[in-house]
Amino acid sequence: MAISYEWDVNTVDVYPTHNEQSNVIYRVHWKLKATDTETYTEEYFNQETQEIEEQQVPYKSSVYGKEILDISDLSSFTDFDNVTSSQVQGWLESSLGSDKVQSMKDKLDAKISEQKTPTSVTKQLS
């Protein structure tokens, strides 16, 4: 099991003006996605062939939220047009703290483990 993690931090809230700066990012809408290298077989309906087919799909899980950034010190302000996703990810991870980020990754790992080996399943009576 090798799980990779990917942040989606492309949606942000900005103050049009704040402390004489324009478009100051103050909140990040984020999603942390986990994808395992291990796959499972999933059936799907192929519209072209009109048949049920199988495909290999990786185990995945995700968590999302919003985080308010500390904008009390804008001395190293970056103009909005020059902000990159990796910068926003860095700000977000710093704001969340390494313990919380690791905790979220651990929970995503547990969700993927539960998908692979469920501790509970739903069934219907005949």
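Everything below is about the structure shown above.
Computed from a predicted structure; not experimentally measured.

1. Concerning the side chain of Asn 46
Here comes step 1: Summarising the element assignment, Asn 46 is placed in strand β2 (residues 21–46).
Here comes step 2: On the accessibility criterion, Asn 46 (15% relative accessible area) is buried.
Here comes step 3: Of the polar contacts made by the side chain of Asn 46, one reaches the backbone nitrogen of Thr 49; its length is 3.2 Å.

2. Here we look at helix α2 (residues 98–116)
Here comes step 1: Its 19 residues place the ends of α2 27 Å apart at the C-alpha level, agreeing with the 27 Å of an ideal helix rising 1.5 Å per residue.
Here comes step 2: The complete set of buried residues in α2 reads Val 101, Met 104, Leu 108 and Ile 112. The buried residues of α2 occupy one face: seen down the axis, they fall within an arc of 80°. Exposed residues lying more than 90 degrees from the buried face of α2 are Asp 99 and Lys 107.
Here comes step 3: In this structure, the buried side of α2 is in contact with β1 (3–18), β2, β3 (51–68) and α1 (85–96).

3. Quick notes on the nonpolar core
Here comes step 1: One finds Trp 7, Val 9, Val 28, Trp 30, Leu 92 and Met 104 to be the most contacted residues of the largest nonpolar core, which totals 21 residues.
Here comes step 2: Elements represented by at least two residues in this core include exactly β1, β2, α1 and α2.
Here comes step 3: Broken down by element, this core gets its largest block of residues, 7 residues, from β2.
Here comes step 4: Look past the residues within four positions of Trp 7 in its chain and what remains in contact with it is Trp 30, Lys 31, Leu 32, Gln 89, Leu 92, Glu 93, Leu 96, Val 101 and Met 104.

4. Remarks on the pattern of salt bridges
Here comes step 1: Tallying each qualifying case throughout the model produces 3 salt bridges.
Here comes step 2: Note that Asp 13 and Arg 27 form a salt bridge whose closest N and O atoms lie 2.5 Å from each other. Of the two residues, Asp 13 sits in strand β1 while Arg 27 sits in strand β2, which places them 14 residues apart along the sequence.
Here comes step 3: One salt bridge in this structure joins Glu 38 and Lys 116, with 3.0 Å as the shortest N-O distance. With a gap of 78 residues between them, Glu 38 in strand β2 and Lys 116 in helix α2 connect regions that are remote in the sequence.
Here comes step 4: A residue is classified by how much of its surface remains accessible, and Glu 38, at 37% relative accessible area, is partly exposed.

5. Things to note about the sheet that holds β1
Here comes step 1: Across the sheet, 3 strands lie side by side as β1-β2-β3; this open sheet has antiparallel pairing. Because the sheet does not close on itself, it has two edges, and the strands there are β1 and β3. The average angle at which neighbouring strand axes cross in this sheet is 25°, direction not considered.
Here comes step 2: In this structure, β1 lies alongside β2, joined through 13 bridges in antiparallel fashion. If you follow Ser 4 over to β2, its bridge partner there is Thr 35.
Here comes step 3: Here α1 sits on the sheet in contact with β1, β2 and β3, set at roughly 95° to β1.

Thresholds, definitions, all that
- Residues numbered from 1 in each chain as written.
- Predicted model: local features only at pLDDT ≥ 70, side-chain atom pairs only at ≥ 80, totals over all residues.
- Heavy atoms only, no water.
- Helix = DSSP H or I, 4+ residues; strand = E, 2+ residues; numbered from the N terminus.
- Buried < 20%, exposed > 50% of the residue type's maximum accessible area, 1.4 Å probe, protein only.
- Polar contact = N/O pair within 3.5 Å; in protein donor to acceptor, adjacent residues only side chain to side chain.
- Expected span 1.5 Å × (residues − 1).
- Arc of directions from axis to C-beta.
- Contact = heavy atoms within 4.5 Å.
- Core = buried A, V, L, I, M, F, W, Y, C linked by side-chain atoms within 4.5 Å.
- Salt bridge = Lys/Arg side-chain N within 4 Å of Asp/Glu carboxyl O.
- Pairing = 2+ DSSP bridges.
- Axes fitted to C-alpha atoms, helices over the stretch in contact; angles between N-to-C directions.

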